[in-house]
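Each chain, letter by letter, is given below.
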Amino acid sequence: YSEDNVRAMGRVAKGVKAMTLRTGDELVGFDIIDSDNEDTNLLVITNDGFGKRIKIGEFRVQGRGGLGLIGTKFKTPKSKLATIRVVSPDDEFIIATSNGVVVRQRTGDISFQSRMATGSRIIKLGEDDEVVSINPIIDPETDEQVMSANEIEAEGSEQLALTAGKGDKAEL
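Figured I'd write up the structure that's included with this text. Keep in mind the model is a prediction, meaning the values are calculated, not measured.

**Side note on the overall build of the chain**
In step 1: Along the chain, the regular secondary structure elements total one helix and seven strands.
In step 2: Starting at the N terminus and walking to the C terminus, you meet the elements of the chain as β-β-β-β-β-β-β-α.
In step 3: For the chain, buried positions account for 23% of its 172 residues.
In step 4: A total of about 12800 Å² of accessible surface is found on the chain, and carbon and sulfur atoms cover 50% of it.

Encoded structure:
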């Protein structure tokens, strides 16, 4: 849903219900998408090593409190979603398994498939192994969101100035 559907609230507010979860469901991930960018891709990887890219246009916008839409078909009853994230074709990430196997993967090498497809084998797993972590590789030279140590220090100083108040109350 659009962030315009959520009104501003105070610090102690509980917020709004973003999504309704069924019994046994867990939130695996969330991301912010640019609704104007039609080339936005969603990366879906399961704990049993299957993955795919899906065009974000295959998902309709839902209102707050919705149940969500099916994003993948699982291979076995033990299959679970390991990650879901917005990606571009040039992104790279590291996949780690419970047995310590680590693989570097480029997003562009993963095929596009429909929401109802199982996906392609991304990583071959042993008998008692499963995907436990998927993390992006960030290049500090090209990623605008990566801050230098000096920027972090300057930002921290500004934060301190904004939160240093009298007594136990912060002043802005």
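Having seen the structure, we can now continue with the description.
**A look at the sheet that holds strand 7 (residues 131–136)**
In any sheet, the strands associate via hydrogen bonds between backbone groups, in a parallel or an antiparallel arrangement.
In step 1: The three strands lie next to each other as 5-4-7, forming an open sheet whose pairing is antiparallel. The open sheet is flanked by strand 5 (102–106) and strand 7, the only strands paired with a single partner. Going across the sheet, the axis of each strand differs from the next one's by a mean of 25°, ignoring polarity.

**Side note on the pattern of salt bridges**
In step 1: Under the defined criterion, the tally for this structure stands at one salt bridge.
In step 2: For Arg104, the salt bridge is made with Glu92, and the minimal N-O distance between the two is 2.5 Å. Of this pair, Arg104 sits in strand 5 while Glu92 sits in strand 4 (residues 92–97), and the two are 12 residues apart along the sequence.
In step 3: On the basis of relative accessibility, which here comes to 55%, the residue Arg104 falls in the exposed class.
In step 4: By relative accessible area, which is 25% here, Glu92 ends up partly exposed.

**Points about a nonpolar patch on the surface**
In step 1: Taken together, the side chains of Met19, Leu21, Leu27 and Phe30 make up a nonpolar region of the molecular surface, amounting to roughly 460 Å² of accessible area.
In step 2: Mapped onto the elements, Phe30 comes out in the segment before strand 1 (41–46).
In step 3: Assessed through its relative accessible area of 71%, Phe30 is described here as exposed.

Cut-off values and rules
Residues numbered from 1 in each chain as written. Predicted model: local features only at pLDDT ≥ 70, side-chain atom pairs only at ≥ 80, totals over all residues. Heavy atoms only, no water. Helix = DSSP H or I, 4+ residues; strand = E, 2+ residues; numbered from the N terminus. Buried < 20%, exposed > 50% of the residue type's maximum accessible area, 1.4 Å probe, protein only. Areas by Shrake-Rupley, 256 points an atom, 1.4 Å probe, with all protein chains shown as cover. Pairing = 2+ DSSP bridges. Axes fitted to C-alpha atoms, helices over the stretch in contact; angles between N-to-C directions. Salt bridge = Lys/Arg side-chain N within 4 Å of Asp/Glu carboxyl O. Patch = residues over 30% accessible without salt bridge, like charges linked within 9 Å, V, L, I, M, F, W, Y side chains within 5 Å.

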